[in-house]
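# Inside the fold
Here is how the chains run, residue by residue.
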Amino acid sequence: MKIILLGASGQLGREWQRYFNLHTDDSLIVFPYTSGQLDLTHYEEVAREVSARQPNVIINCAAYTLVDQAELKKDKAMAINARAVENLAKVCKSNDIHLIHYSTDYVFPGKEEDRKRYPRGYPEDHQAEPVNWYGQTKWEGEEAIRASGCRHLIIRTTWLCGLYGNNFVKTMLKYGREKEELKVVNDQWGSPGYADEIVANSMNLYTADAKGTYHLTSKGLTNWAEFAEAIFDYSNIDVNVNAIPSEEYPTEAKRPKYSKLDTSKAEKVEGVEITDWREGLKRLLKQLENH
Ligand SMILES: NC(=O)C1=CN([C@@H]2O[C@H](COP(=O)(O)OP(=O)(O)OC[C@H]3O[C@@H](n4cnc5c(N)ncnc54)[C@H](OP(=O)(O)O)[C@@H]3O)[C@@H](O)[C@H]2O)C=CC1
Ligand SMILES: Cc1cn([C@H]2C[C@H](O)[C@@H](COP(=O)(O)OP(=O)(O)O[C@H]3O[C@@H](C)C(=O)[C@@H](O)[C@H]3O)O2)c(=O)[nH]c1=O
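Residues numbered from 1 in each chain as written. Chains lettered and ligands numbered in written order. Predicted model: local features only at pLDDT ≥ 70, side-chain atom pairs only at ≥ 80, totals over all residues.

### Points about helix α8 (residues 195-207)
Counted only if it meets this: The numbering of helices and of strands both runs from the N terminus, where a helix is a DSSP run of H or I of at least 4 residues and a strand a run of E of at least 2. Expected helix span is taken as 1.5 Å per residue step, with the number of steps being one fewer than the number of residues. The exposure label follows from counting other C-beta atoms within 10 Å of a residue's C-beta, where the C-beta atoms are placed from the backbone and the thresholds are 20 or more for buried and 12 or fewer for exposed, leaving partly exposed in between.
For α8, with 13 residues, the first-to-last C-alpha span of 18 Å sits near the 18 Å given by 1.5 Å per residue. Residues A195, E197, I198, V199, N201, S202 and L205 constitute the buried set of α8. Phi turns positive one or two residues past the end of α8, at D209, with a value near 65°.

Right, dumping it as structure tokens:
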């Protein structure tokens with residue numbers, strides 16, 4: 001099987017590469033691309049490269065993920081997260097390639113009252129109502145894939161944390177060693193998606209021949225302040241977490257009050273149970289310690 005991996009230098013892309021290194025198989029050929037090697041907004045180059053490689057699957061981990069910056073660089077975010085994805089999906093359709101693509105909880109409204117309405121999280125078919133521009137661009141990317149008619153798997157995840165790149169766990173570990181007190185919001189609820197588990201479960205979905213849209217994140221519910229406290233607690237870092245409301249942490253982009261995703265559809269198809277956010281956090285902290 002031949003696979004093109006886009007966004008290979010990002011958090012999830014590097015986790016996919018780790019997965020392929022651990023599961024090496026002679027029948028598997030992976031072509032990883034960074035943005036320098038293949039810019040997804042260069043449509044003709046993308047079409048040429050894909051035709052030359054003739055992969056069975058394209059895994060798209062590439063995206064514009066700077067949530068606050070996206071409010072300021074609207075065209076750039078839309079070009080990468082939607083228009084380039086539309087082009088990619090058309091290329092997949094015309095070459096009969098299976099597209100695995102990632103999206104986000106930020107496509108949903110993220111209203112406080114949805115916490116009571118959907119205690120397990122938003123289901124896949126809940127109506128989209130992007131909470132910010134990044135969410136809007138990711139939603140348009142999803143819709144373009146569906147409209148293209150290509151074989152696809154769209155996997156929405158949340159609060160991605162893993163060994164590589166930037167994420168909340170690594171930021172907290174850094175701040176925790178530098179500062180005595182941190183202010184962290186406690187009125188935005190959701191759950192972290194652990195990169196290793198997202199990759200393994202994405203592979204399970206693909207091998208189970210799942211098609212369409214699925215949610216993958218950890219089980220349970222937390223907020224950023226509680227998550228930060230758990231990070232410090234499990235790492236024996238003594239720092240005071242001052243829990244604050246979102247109004248006291250102003251950001252360019254609006255963040256959802258509730259963005260938990262219901263993972264039961266994926267668990268049913270895969271026949272696995274996804275781990276609780278606390279167990280996933282302990283595993284990640286061990287990985288970071290040994291890394
Ligand atoms: N991070 C998170 O918390 C969450 C992420 N997601 C989604 O998961 C996926 C992976 O996210 P994550 O790994 O965190 O992202 P990163 O920001 O870590 O990585 C993004 C990747 O996209 C590549 N890229 C950016 N622009 C282009 C371009 N024009 N052409 C080609 N490649 C480009 C970057 O390449 P380079 O570095 O070489 O420039 C990089 O490899 C994305 O679809 C994201 O929307 C969903 C929910 C949560
Ligand atoms: C660093 C820090 C963050 N926060 C808050 C800000 C924000 O509401 C929350 C998380 O911060 P982040 O910068 O990680 O948030 P953000 O970049 O919005 O994370 C998102 O990234 C995109 C790509 C996604 O798709 C989402 O699922 C989500 O993971 O914590 C504090 O309250 N105190 C702090 O010291």
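### Some thoughts on the site of ligand 1
Selection criterion: The criterion for a residue being near a molecule or strand is simple: its C-beta atom, placed using the backbone, must lie within 6 Å of it. Any residue outside Ala, Val, Leu, Ile, Met, Phe, Trp, Tyr, Cys, Pro, Asp, Glu, Lys and Arg is labelled polar, Gly included; the first ten of those are nonpolar and the last four are charged.
Lining the immediate environment of ligand 1, one finds 27 residues, of which G10, Q11, T34, S35 and L160 sit closest. Elements that contribute at least two residues to the shell around ligand 1 include exactly α1 (11-22) and β4 (98-104). Among the elements that line the shell around ligand 1, the one with the most residues is α1, at 3 residues. Broken down by class, the residue content of the shell around ligand 1 amounts to 11 nonpolar, 14 polar and 2 charged.

### Examining the site of ligand 2
In the vicinity of ligand 2, 18 residues are found, and the nearest of them are T65, T104, V184, V185 and W224. At the level of secondary structure, the elements contributing two or more residues to the shell around ligand 2 comprise α7 (168-178) and β7 (181-185). Broken down by element, the residue count for the shell around ligand 2 peaks at 4 residues, all from β7. Its residues assigned to classes, the shell around ligand 2 comprises 10 nonpolar, 5 polar and 3 charged.

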